[in-house]
Amino acid sequence: MSDTHLSADVLRGDLRRRTREMPKCEICYEDVDKVYTCKTCGTEFCVDCGDPKKKICILCIEDEEEEDEEEDEDEEVEEKPKKRR
Ligand SMILES: [Zn+2]
Ligand SMILES: [Zn+2]
């Protein structure tokens, strides 16, 4: 008779433990094995939503790439020699 009560208790305990072990990505809201904290904005992101090696989320990666491209273009335009005689 106490068998039913016991199994229900175990089930609930198991469920709670699983929730605690599964961190949630703050970008896609998926439960994942592991999250990484973005060094720029502090968002906890999964491996699909950023670069774990650089510790940057996908939002901050886009910002960095844009800045780099703009700088390169500016330099090229200014140092371009004009034809002169
Ligand atoms: Zn994610
Ligand atoms: Zn970020």
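Calculation rules
Residues numbered from 1 in each chain as written. Chains lettered and ligands numbered in written order. Predicted model: local features only at pLDDT ≥ 70, side-chain atom pairs only at ≥ 80, totals over all residues. Heavy atoms only, no water. Helix = DSSP H or I, 4+ residues; strand = E, 2+ residues; numbered from the N terminus. Buried < 20%, exposed > 50% of the residue type's maximum accessible area, 1.4 Å probe, protein only. Contact = heavy atoms within 4.5 Å. Areas by Shrake-Rupley, 256 points an atom, 1.4 Å probe, with all protein chains shown as cover. Donors = N, O, S within 2.8 Å, 3.2 Å for Na, K, Ca; no water. Tetrahedral: all angles 85-135°; square planar, octahedral: opposite > 155°, others 65-115°. Phe/Tyr/Trp six-rings, centres within 6.5 Å; stacked < 30°, edge-to-face > 60°.

### A look at the overall build of the chain
So, step 1. The helix and strand inventory of the chain stands at 2 helices and 4 strands.
So, step 2. Written out in order from the N terminus, the α and β elements of the chain read α-β-β-β-β-α.
So, step 3. Relative to its 85 residues, the chain shows a buried fraction of 14%.
So, step 4. Taking contacts inside the chain between residues at least 6 apart in sequence as the whole, the part at least 24 apart equals 4%.
So, step 5. Summed over its atoms, the accessible surface of the chain is roughly 8,400 Å², and 46% of this surface lies on carbon and sulfur atoms.

### So, the coordination of the zinc ion (ligand 1)
So, step 1. On the protein side, the zinc ion (ligand 1) has Cys25 (SG), Cys28 (SG), Cys46 (SG) and Cys49 (SG) as donor atoms, found 2.3 to 2.4 Å from it.
So, step 2. Classification of the site at the zinc ion (ligand 1) rests on its 4 donor atoms, whose angles at the metal span 103 to 114 degrees, yielding the label tetrahedral.
So, step 3. The sequence pattern describing where the donors of the zinc ion (ligand 1) fall on their chain is C-x2-C-x17-C-x2-C. With a gap of 24 residues between them, Cys25 in the loop between α1 (2-21) and β1 (36-37) and Cys49 in the loop between β2 (44-45) and β3 (50-51) connect regions that are remote in the sequence. For the pair formed by Cys25 and Cys49, the shared burial category is buried.

### Section: the coordination of the zinc ion (ligand 2)
So, step 1. Around the zinc ion (ligand 2), the donor atoms from the protein are Cys38 (SG), Cys41 (SG), Cys57 (SG) and Cys60 (SG), and they sit 2.3 to 2.4 Å away.
So, step 2. Each of the 4 donor atoms bound to the zinc ion (ligand 2) contributes to angles spanning 105 to 116 degrees, and the resulting shape is tetrahedral.
So, step 3. Along the chain, the residues donating to the zinc ion (ligand 2) fall in the pattern C-x2-C-x15-C-x2-C. Of this pair, Cys41 sits in the loop between β1 and β2 while Cys57 sits in strand β4 (residues 56-57), and the two are 16 residues apart along the sequence.

### What to know about unusual backbone geometry
So, step 1. One non-glycine residue, Tyr29, adopts positive backbone phi at about 60 degrees.
So, step 2. Position of Tyr29 relative to the elements: it lies in the loop between α1 and β1.
So, step 3. Phi angles above zero are rare outside glycine, and Lys55 is one such case at about 60 degrees.
So, step 4. As for its position among the elements, Lys55 is in the loop between β3 and β4.

### Overview of the packing of aromatic side chains
So, step 1. Counted by the stated rule, this structure contains 1 aromatic pair.
So, step 2. Their ring planes at 35 degrees and their centres at 6.0 Å tell us that Tyr36 and Phe45 sit as a pair that is tilted.
So, step 3. Judged by relative accessible area, which is 0%, Phe45 ranks as buried.

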